[in-house]
Amino acid sequence: MPRPESSSTSRGGITPDGRTLGAAAVGGVLSYLVAYAITYAVTGQQIANSLASRVLEIATGDPGTWKLVGWVFYSAHYVTSEIPGLFGSTAVNLLGEGDAFPTALFLLPPLVLVVAGGLVAAVGRTETPLAGAVGGASVTLGYLPLAIAGAFLFSISVGDSTAGPTLVTAILLAGIVYPLVFGAIGGAVGALASGTGT
């Protein structure tokens, strides 16, 4: 007797099964890493040759290009970076300040997360757009831990202070809102596109 084909949801509901959750976690991790790598490819050389990188190297002994690219990457999620100063810290969004970096980078995290959500829906063989959205939003399982870790890894000690992505917005915007919203959109579209969504 043939076994029935497993579905991505438990008993026809919208709760993702283990395979879908595993694919979503991997998709979240890969989304974060791919988006960061693309950000590095686009901005890394410019940052390495910048005055900020040279000053950072003098102050800390490390050019910190990869950390400054992280600031740009978080800026693409609308997460500001805190920079300490004599009269308190200043919050800046490096993509929103002038024209140093292409503002098209604002589209990078949503695009990568939509693709990841769609792939999760396809791998999980979701049966409805709602189930696809729930499965796609599960990319948060992989994206959130890296968003938190990155906020710490991309910070730079400057004397007694620390400069880097603002932790609260890194968690809320980059770690939760972005993967939930854009992963869900991708999952719903993926379920419809795969032909299993009704």
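None of these values were measured; they are calculated from a predicted model.

Moving on, we get to the side chain of Thr 140. Looking at the secondary structure, you find Thr 140 in helix H6 (residues 140-153). For Thr 140, a relative accessible area of 13% corresponds to the buried category. With sequence-adjacent residues up to four places away left out, Thr 140 is seen in contact with Pro 145, Gly 175, Ile 176, Pro 179 and Leu 180.

Low-confidence regions, as indicated by low pLDDT, have predicted coordinates that should not be scrutinised in detail. On average, residues of the protein chain score 86 in pLDDT, and 85% of them reach the 70 mark or higher. The weakest mean pLDDT in the protein chain belongs to helix H2 (residues 51-60) at 68; the strongest belongs to H6 at 97. Below pLDDT 50 for its whole length, residues 1-11 participates in 17 contacts with residues either more than four positions away or in separate chains.

Turning next to the packing of helix H5 (residues 129-137) against helix H7 (residues 167-193). Orientation of H5 relative to H7, taken along the N-to-C sense of each, is 140°, at an axis distance of 6 Å. With respect to H7, the axis of H5 lies oblique. Viewed along their axes, H5 and H7 form a crossing whose handedness is right-handed. Across from Pro 129, Gly 132, Ala 133, Gly 136 and Ala 137 in H5, the residues of H7 making contact are Pro 179, Leu 180, Gly 183, Ala 184, Gly 187, Ala 188, Ala 191 and Leu 192. When its residues are assigned to classes, the contact of H5 with H7 shows nine nonpolar, four polar and no charged.

Considering the arrangement of structural elements, one finds Ala 149 in helix H6. We classify Ala 149 as partly exposed; its relative accessible area is 32%. Distance from Ala 149 to Leu 167, taken between C-alpha atoms, is 9.7 Å for residues 18 residues apart in sequence.

If you walk through the whole model with that rule in mind, you get eleven aromatic pairs. Among the aromatic residues, ring-to-ring pairing joins Tyr 32, Tyr 36, Tyr 40, Trp 66, Phe 73, Tyr 74, Tyr 143 and Phe 154 into one connected group.

Looking now at helix H1 (residues 18-48). Between its first and last C-alpha, H1 extends 42 Å over 31 residues, near the 45 Å set by a 1.5 Å rise per residue. Of all bends in H1, the biggest is about 45°, found at Val 42. Buried within H1 we find Thr 20, Ala 24, Gly 27, Gly 28, Ser 31, Tyr 32, Ala 35, Tyr 36, Thr 39, Thr 43, Gly 44 and Ile 47.

One way to put it is that helix H4 (residues 108-123) packs onto H7 with a least axis distance of 6 Å and a crossing angle of 45°. Classified by the interaxial angle, the pair formed by H4 and H7 is oblique. Seen along the crossing, H4 lies across H7 with a hand that is right-handed. Contacts between H4 and H7 involve Pro 109, Pro 110, Leu 113, Val 114, Gly 117, Gly 118 and Ala 121 from the former and Tyr 178, Pro 179, Phe 182, Gly 183, Ile 185, Gly 186, Gly 187, Gly 190 and Ala 191 from the latter.

Take H6 next. In an α-helix there are 3.6 residues to a turn, and that puts residues three or four apart on one side. In this model H6 runs 19 Å from its N-terminal to its C-terminal C-alpha over 14 residues, within 8% of the 20 Å that 1.5 Å per residue would give. For H6, the set of buried residues is Thr 140, Gly 142, Tyr 143, Ala 147, Gly 150 and Ala 151. With its buried residues spanning 155° around the axis, H6 presents them on a single face. Relative to its buried face, H6 has exposed residues pointing more than 90 degrees away, namely Leu 141, Phe 152 and Leu 153. Tucked inside the fold, the buried residues of H6 contact H1, helix H3 (65-75), H4, H5, strand E4 (161-165) and H7.

What follows concerns the environment of Ala 37. Looking at the element boundaries, Ala 37 is found in helix H1. For Ala 37, a relative accessible area of 42% gives the class partly exposed.

In this section: unusual backbone geometry. We note that Tyr 78 has phi near 65°; this positive angle belongs to a residue other than glycine. Inspection of the secondary structure puts Tyr 78 in the loop between H3 and strand E1 (81-85). Residues other than glycine seldom take positive phi values, yet Arg 125 does so here, at roughly 50°. If you trace the backbone, Arg 125 turns up in the loop between H4 and H5.

Cut-offs applied
Residues numbered from 1 in each chain as written. Predicted model: local features only at pLDDT ≥ 70, side-chain atom pairs only at ≥ 80, totals over all residues. Heavy atoms only, no water. Helix = DSSP H or I, 4+ residues; strand = E, 2+ residues; numbered from the N terminus. Buried < 20%, exposed > 50% of the residue type's maximum accessible area, 1.4 Å probe, protein only. Contact = heavy atoms within 4.5 Å. pLDDT = per-residue confidence, 0-100. Axes fitted to C-alpha atoms, helices over the stretch in contact; angles between N-to-C directions. Parallel < 35°, antiparallel > 145°, perpendicular 65-115°, else oblique. Left-handed = near helix turned anticlockwise from the far one by under 90°. Nonpolar A, V, L, I, M, F, W, Y, C, P; charged D, E, K, R; others polar. Phe/Tyr/Trp six-rings, centres within 6.5 Å; stacked < 30°, edge-to-face > 60°. Expected span 1.5 Å × (residues − 1). Bend = angle between axes of the 7 residues up to and from the residue. Arc of directions from axis to C-beta.

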